[in-house]
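# Fold and geometry: a report
Below, each chain spelled out in residue letters.
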Amino acid sequence: MHIDTHYSLNENGFTFLPKIFNKNDLLSASKGLWNVINGKYDTGIKPETRFWEPGDDPNKIIKIDKPHLCNSKVWDLITNKDFGKALAYTTKSKTIQVWHTQVVWKPKSKKESGNAGWHRDAQYWPFWSTGGLFTAWIALSNVSLNSGPVRFISGSNKWEDVPGLDFFDKDLITQDKLLKKHHGKTKIINGVLEMGQVSIHSSLTYHSSAANLENEPRVGMVVHFCTDKAQRVPLKGENSNYLDQLIDHSRAPFIYNG
Ligand SMILES: O=C(O)CCC(=O)C(=O)O
């Protein structure tokens, strides 16, 4: 397997994989996601959460959680065996289980409408340890520098938490100031990808994305996965049962198992 040796998941906090999927599967999944966005679910199952509804601002970033439950082609994409193998190889793991997904579909932006604020995924996952948790971002369109690619802060997987950062905060200018105050000059790497390529980042890596200035939408299928090294953190109250769905493999499929 060819691995991009420029960036290491351990050292930099992210890496890039070569193309894994065939074009038809990518196009079918993309069409499937568009159906989900428009409220058409071929499996009859609704997504977990919608942050965009038909009729909402068409220039706004569209995020919908767990679209793999709603469309069989999206399910097929994220359970692809070669994909599972590549994630296991890259993370040096014995098992790979997908426990959450999102579509992040970014049409041409107006002002801040396409921004996703700086964050680390672990800040939203109090029920998980930080080790053994990763995100794979599958490019379902070509992702140019101008299309608002996901960008990563190299080495930020080793940082302490930076309070005040959030995916849903579109004010990247204020966030950049905050980052500068805490860490001075940072090295930011853009995930410029061809359709079918994949980036992987750890749960602690700070990342964000800015405006899509292209006419075509920038489309990412975001796959959150845990390895055999991940550990549940017992919680009380809200979210305490969230990971009980791990036992339901029709929601949380194993895509690599030794
Ligand atoms: O697709 C984006 O712009 C943001 C994605 C993201 O936050 C993630 O992959 O964890």
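This text goes with the structure placed above it.
Scope of this entry: the structure provided in the associated data block.

The rules behind the values
- Residues numbered from 1 in each chain as written.
- Predicted model: local features only at pLDDT ≥ 70, side-chain atom pairs only at ≥ 80, totals over all residues.
- Helix = DSSP H or I, 4+ residues; strand = E, 2+ residues; numbered from the N terminus.
- Rg over C-alpha atoms; globule rule 2.2 N^0.38 Å.
- Buried ≥ 20, exposed ≤ 12 C-beta atoms within 10 Å, placed from the backbone.
- Contact = placed C-beta atoms within 7 Å.
- Expected span 1.5 Å × (residues − 1).
- Arc of directions from axis to C-beta.
- Pairing = 2+ DSSP bridges.
- Axes fitted to C-alpha atoms, helices over the stretch in contact; angles between N-to-C directions.
- Core = buried A, V, L, I, M, F, W, Y, C linked by C-beta atoms within 7 Å.

### With respect to the overall build of the chain
A count of helical and extended segments in the chain gives four helices and 12 strands. For the chain, whose C-alpha radius of gyration is 17 Å, the value lies close to the compact-globule estimate of 18 Å for 258 residues. By the burial criterion, 41% of the 258 residues in the chain qualify as buried. Within the chain, contacts between residues separated by at least 24 positions form 85% of all contacts whose residues are at least 6 apart in sequence.

### Focus on unusual backbone geometry
The phi dihedral of K66 is positive, around 60 degrees, even though this residue is not glycine. Looking at the element boundaries, K66 is found in the loop between β3 (62-65) and α2 (72-78). The phi dihedral of K92 is positive, around 55 degrees, even though this residue is not glycine. With respect to the helices and strands, the residue K92 is situated in the loop between α3 (81-91) and β4 (95-106). For K92, a count of 10 C-beta atoms within 10 Å translates into the label exposed.

### A few points about helix α1 (residues 23-37)
Over its 15 residues, α1 runs 21 Å from end to end, which matches the ideal 21 Å to within 8%, given 1.5 Å per residue. The complete set of buried residues in α1 reads L26, A29, S30, G32, L33, V36 and I37. In a view along the axis of α1, the buried residues occupy a sector of 160 degrees, so they form one face of it. Turned more than 90 degrees away from the buried face of α1, the exposed residues are K23 and N24. Along its buried surface, α1 packs onto β3, α2, β4 and β11 (218-227).

### Re the sheet that holds strand β8 (residues 188-190)
The antiparallel open sheet is built from four strands, whose spatial order is β5-β10-β7-β8. Edge positions in the sheet fall to β5 (116-119) and β8, since each has one partner strand and no second. When strand polarity is set aside, the average angle formed by the axes of neighbouring strands in this sheet is 20 degrees. The pairing of strand β7 (residues 151-153) with strand β10 (residues 207-209) spans two bridges and is antiparallel. Counterpart to R151 in the pairing with β10 is S208.

### Structural notes on the nonpolar core
Ranked by internal contacts, the top residues of the largest apolar core, which has 56 residues, are L33, L87, A136, I138, M221 and F225. Discounting residues that sit within four places of it in the chain, F225 has contacts with L87, I96, Q97, V98, W99, F134 and A136.

### Quick notes on α3
Where α3 is concerned, the buried positions are F83, G84, A86, L87, A88, T90 and T91. Buried-residue contacts for α3 involve β1 (14-17), β4, β6 (133-139), β9 (198-202), β11 and β12 (254-257).

### Side note on the environment of L77
Within the secondary structure layout, L77 lies in helix α2. Classification of L77 by C-beta neighbours within 10 Å gives buried; the count is 25. Taking the C-alpha atoms as reference points, L77 and W137, separated by 60 residues in sequence, lie 12 Å from one another. Excluding residues that lie within four positions of it along the chain, L77 makes contacts with F21, D25, A29 and M221.

### Describing the environment of K19
Structurally, K19 is set in the loop between β1 and α1. When the C-alpha atoms of K19 and A252 are compared, they prove to be 24 Å apart, with 233 residues separating the residues in sequence. Sequence-distant contacts of K19, that is, excluding residues within four places in its chain, are made with E194, G196 and Q197.

### Considering the environment of F168
Relative to the elements of secondary structure, F168 occurs in the loop between β7 and α4 (172-183). Separated by 49 residues in sequence, F168 and H119 have C-alpha atoms that sit 9.1 Å apart.

### Observations concerning the pairing of β4
Burial of β4 is extensive: 10 of the 12 residues sit out of reach of the surface. Where β3 lies against β4, four bridges are found, and the strand directions are antiparallel. Bridged to I62 within β4 is W105. One ladder, built from 10 bridges, connects β4 with β11; its direction is antiparallel. Bridge pairing in β11 places Q102 opposite V222.

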